[in-house]
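Secondary and tertiary structure notes
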Amino acid sequence: MVRRLFASLLALASLPLVAAPAADWKPAAVPLMTRWGKEVTPDNAWREYPRPQLVRESWLNLNGLWEYAIVDRPAGESGVPTADGPPPQAWNGNILVPFAPESALSGVGRSVSKEQLLWYRRSVTVPQAWQGRRVILRFDAVDWHASVWLNGTKLGDHSGGSDPFSFNVTNQLKPGANELVVRVWDPSDEGPQPRGKQKLKPEGIWYTPVSGIWQTVWMEPVPELEISGVFPVADVERGEVEITVETDGRVAGTLPRLRVTAGAGTRKVLGEGTIGKPIYVTVKEPRLWTPDDPHLYPVDVELVGADGKVIDRVGSYFALRSITKARDEQGILRLCLNGKPLFQIGPLDQGWWPDGLLTPPSDAAMKSDLEVLKSLGMNMLRKHIKVEPARYYHHCDTLGLLVWQDQPSGMGAGRRQFVQPDWPEDGEFTAEEKAQFRTETAAMIDRLRFFPSIVVWVPFNEGWGQHDTNEILKWVQERDPTRLVNGPSGWTDRGSGDMKDMHMYPGPGMFPVMPDRVSVLGEFGGLGLPVKGHLWRDADNWGYRTFQNEADLRAAYGHLMERLHGLVGRGLAAAVYTQTTDVEIEVNGLLTYDREILKLDPEETAAWHRMLFEPAPVFRDFVPTAEAGPAEWRFSLEPPPPTWDKPGYDDSGWKRGPGGFGTEGTPGTTLRTEWSTKEIWLRRIVNLEKLPDGKLFFRIHHDEDAEIFINGVLAATIQGFVTEYVEVPMLAAGRAALKEGENLVAVHCRQTGGGQSIDVGIVERVPAH
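In what follows, the accompanying structure is described. (Residues numbered from 1 in each chain as written. Predicted model: local features only at pLDDT ≥ 70, side-chain atom pairs only at ≥ 80, totals over all residues. Heavy atoms only, no water.)

**So, the sheet that holds strand S22 (residues 340-341)**
Taken in spatial order, the 3 strands of this open sheet run S20-S21-S22, and their pairing is antiparallel. Here the strands that pair on one side only, and so sit at the sheet edges, are strand S20 (323-327) and S22. Direction of pairing for strand S21 (residues 333-337) relative to S22: antiparallel, over a ladder of 2 bridges. Directly across from Leu337, in S22, lies its bridge partner Lys340. (Pairing = 2+ DSSP bridges. Helix = DSSP H or I, 4+ residues; strand = E, 2+ residues; numbered from the N terminus.)

As structure tokens, then:
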């Protein structure tokens, strides 16, 4: 079998490699293209150096046109391929790497099933100047199981959709042209491996799948002993950085020493040491990294021989930054940057593109998304179940954006692996599947722990592939004790992790302050606005709450921020708004999917976000809730006539009872009258001697959806549920309906399951002191 396979690969190597002219390439048909995607050509596709944390001068970019073939798997074969062949007899055409075949920018526009294999082939000529040096072939990401051959010799296999892998190809290279062949198998959502939001049949929040090469492929020459990793850890209190340098390879004789020098050509020695031990660099007058001042210190790291000659040199950098949880002056546990509480506000960032899918059309496009977030006054983002190219995190480092990094989730179709919020047990995974999840999670952490912008690891999103929850969270904390671990983000909490994370749409909401975990809001908002001419699909688009014009969307977003400000004062430490962009049929982005339209006014939005960092608002009771004592309402459990919310309606036949209303055990409410049916209608007359001067809010505990009317005018609409009293801005029309003397407050609340409650008062916001 081995001989037959080797012969077939040699035969494959003997076939002529004919590179198609760049003029023959064109994008596949797609509903939308970004302006960056329209500029992509085989000659300019992802030309930037791919590893900003470890830079060498000499390298070879292998992005561009490759040959490809999509072939059926041999009959009866399933799972990860174990047989090495056979190679395709014919090639389907050309594909633009690093774009996956499902994407428009690949030029292919075809999906790949688990019953198929995806093959790649190209010719590689190594620069003559590399002779005498080791040559490393690097793949930054291939989804999912890859096998690689060079000149008919198999280099190895790799399983993992988001982590880089490499091969030493020195002995397989020959002068002139070399043939590089890659085979990929990807089960997508039919397998349990980490794959994020990919789905063979996209719908709702699940997107077009991605197979094969989707990040840069490249080569570089290195010495016999090379620097393979640089990992700085800052001690901001001492103004010191511990730099751990990893090496790979061997060298005869005395081991070289390590040296760290100031970058940017200064050559000033900052620290020296030996291989295997950290180097400590002291920074005089340290300048701490923050979102407002994202200062980076460039350095060169060198291997220096006994004769004083530099054997290897890489460019790198570090920042002085710490992330911890600690109590503020009020004793509330907060997220602290450099020892100081800092509220974190930013979007859920999916990182999908209409033309490149998981692969951004260009580095400039990728950076543009981040620059938009900075212009909106945001200081963080949650990178949602996707791992980006290394340059993405470098841009976050330089721009000043904190990152919560998700591990892509995995759930096999038809398996008990999608944990629901009320499940007492975790998902069911085999020992092999659990090991693969840990392997890919460890690879993500080890690759990205260099980047100071990353402050939180998120191993699980909601119940998606959630298993061994507390054990995994502890393991991640031990693997990287310099960062916080969120666990899990939303849904089924098991009592562990540095943060307890609520998901509420549209929200906002929060868990009560805890003595040992930080209360965060990992997802909220989801306000949708379909923008004609910028849609993936013209009809049947989706958002958690959809608006028809920009003015209504902006008003709703502003109300969310006002409510969020009150929660910050109560102890909420971070909030993640859904989401940066529209994605396929989701229309709840700040930007359209093609990035052409920003749906919010940037100056207005930045001002709303600045408000979140100001002292928390102070509220004065205007119409007290049940928290202050019993207040009588009239209520009906049967649907009333349409005029029930008007002042002239006769409610004398309604029942009477003190607020609040609900069932025992509903968290955070003040219960005085039982209400256990699906709906309730409430009316209360309040007398106002004088109209207030300040901005008015409803103070409300609701479980679940409610509408509030003032004198027959809609004054607020609230969805979802809360676990404590919150403030909701009163609509301008409701405020205008208030008058001196008698006023009617009418409330309708609906319930679908679980606890239930409704209690409403009115408060006035007064200046904070």
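**Overview of the packing of helix H4 (residues 431-448) against helix H5 (residues 469-479)**
For the pair H4 and H5, interaxial distance at closest approach is 11 Å and the crossing angle is 30 degrees. Judged by the inter-axis angle, H4 sits roughly parallel to H5. Helix-helix and strand crossings are classified by hand; for H4 and H5 the assignment is right-handed. Within the contact between the two elements, H4 uses Phe437, Arg438, Thr441, Ala442, Ile445 and Asp446 and H5 uses Glu471, Ile472, Trp475, Val476 and Arg479. Taken together, the residues of the contact of H4 with H5 sort by class into 6 nonpolar, 1 polar and 4 charged. (Axes fitted to C-alpha atoms, helices over the stretch in contact; angles between N-to-C directions. Parallel < 35°, antiparallel > 145°, perpendicular 65-115°, else oblique. Left-handed = near helix turned anticlockwise from the far one by under 90°. Contact = heavy atoms within 4.5 Å. Nonpolar A, V, L, I, M, F, W, Y, C, P; charged D, E, K, R; others polar.)

**Remarks on the pattern of salt bridges**
As enumerated under the stated definition, the model contains 52 salt bridges in all. Put simply, Glu302 and Arg313 hold a salt bridge, and the shortest N to O gap is 2.8 Å. Separated by 11 residues along the polypeptide, Glu302 in strand S18 (residues 297-304) and Arg313 in strand S19 (residues 310-318) bring together distant segments of the chain. A relative accessible area of 0% means that Glu302 is categorised as buried. Within the structure, one salt-bridge network assembled from shared partners comprises Arg51, Arg56, Arg134, Arg138, Glu220, Glu226, Asp248 and Asp312. (Salt bridge = Lys/Arg side-chain N within 4 Å of Asp/Glu carboxyl O. Buried < 20%, exposed > 50% of the residue type's maximum accessible area, 1.4 Å probe, protein only.)

**Notes on helix H7 (residues 602-611)**
Three or more residues of H7 are buried, namely Thr605, Ala606, Trp608, His609 and Met611. The inward-facing, buried residues of H7 contact strand S23 (344-349), helix H2 (363-375) and helix H6 (550-570). The opening residue of H7 is Asp601, an N-cap whose side-chain oxygen sits 3.2 Å from the backbone nitrogen of Glu603. (Polar contact = N/O pair within 3.5 Å; in protein donor to acceptor, adjacent residues only side chain to side chain.)

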